[in-house]
Amino acid sequence: MFENILFLSSALLALAGALGVVFTKNLMHACVLLLATLFGVSGLYAVIGADFLAASQLVIYAGGVIIL
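Note that the structure is a prediction, hence the values are computed from the model and not measured.

Engineer: Help me get a handle on the overall build of the protein, residues and values and all.
Structural biologist: Helix and strand counts for the protein come out as three helices and zero strands. For a compact globule of 68 residues, the expected C-alpha radius of gyration is about 11 Å, and the protein comes in at 12 Å, within 12% of that figure. Considering only C-alpha atoms, the protein reaches an extent of 35 × 20 × 10 Å along its principal axes. Evaluated residue by residue, the protein yields a buried proportion of 28% over its 68 residues. A sequence separation of at least 24 residues applies to 48% of the contacts in the protein between residues at least 6 apart.

This is the structure:
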């Protein structure tokens, strides 16, 4: 049950963030929404049991967006 809730919340976060990136006109808002999308994708990796991919998603990609 918890995995289903985690999957649905991660999928909604990734989808909403991706749609927000596409439809926003402000660059800073797009960066924050891209960060939310990457967190959602990391959550999806965590649900399927790919812990290394989830951690590398957070460290490499989300860290790169924050530095950018």
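Engineer: Let's hear about the environment of Leu-38: which residues, and what values?
Structural biologist: Among the structural elements, Leu-38 can be located in helix α2 (residues 27-47). Considering only alpha carbons, one finds Leu-38 and Phe-7, 31 residues apart in sequence, at a separation of 14 Å. If we ignore the near neighbours within four places in the chain, the residues touching Leu-38 are Gln-57, Tyr-61, Ala-62 and Val-65.

Engineer: Break down the environment of Gly-17 for me, with residues and values.
Structural biologist: Mapped onto the elements of the fold, Gly-17 is located in helix α1 (residues 2-23). Counting along the chain gives 19 residues from Gly-17 to Ala-36, while the straight-line C-alpha distance between them is 5.6 Å. In this structure Gly-17 touches Leu-33 and Thr-37, once residues within four positions along its chain are discounted.

Engineer: Tell me about α2, residues and numbers included.
Structural biologist: One full turn of an α-helix is made of 3.6 residues, so residues set three or four places apart face in the same direction. Between the first and last C-alpha of α2 there are 30 Å, a value that for 21 residues agrees with the 30 Å anticipated at 1.5 Å per step. Where α2 is concerned, the buried positions are Ala-30, Leu-35, Ala-36, Thr-37, Leu-38, Gly-40, Ser-42, Gly-43 and Val-47. On its buried face, α2 is in contact with α1 and α3 (51-67). Measuring from the side-chain oxygen of the N-cap residue of α2 to the backbone nitrogen of Met-28 gives 3.2 Å; that N-cap residue is Asn-26. Where α2 terminates, the next one or two residues include Gly-49, which has phi positive at roughly 95°.

Reading the values: the criteria
- Sequence order as written defines residue numbering, which begins from 1 separately in each chain.
- Local features in this predicted model are restricted to residues of pLDDT 70 or higher, and side-chain atom pairs are both shown and tallied only at a pLDDT of 80 or more, whereas totals for entire chains, interfaces and linings draw on every residue.
- Calculation of side-chain values draws on the structure's entire complement of heavy atoms; hydrogens and water are dropped beforehand.
- Only DSSP runs of H or I with at least four residues qualify as helices, and only runs of E with at least two residues qualify as strands; both kinds are numbered from the N terminus onward.
- Based on C-alpha atoms, the radius of gyration is set beside the globule rule, defined as 2.2 Å times the residue count to the power 0.38.
- Note on classification: 1.4 Å probe, protein chains only; a residue is buried when its accessible area is under 20% of the maximum for its type, exposed when over 50%, partly exposed between these limits.
- In what follows, residue pairs with any heavy atoms lying within 4.5 Å of each other are defined as contacts.
- For a helix, the expected span equals 1.5 Å multiplied by the number of residues minus one.
- Pairs of N or O atoms are called polar contacts if they sit within 3.5 Å, as long as, within protein, a hydrogen donor faces a hydrogen acceptor (for residues adjacent in sequence, only side-chain-to-side-chain pairs).

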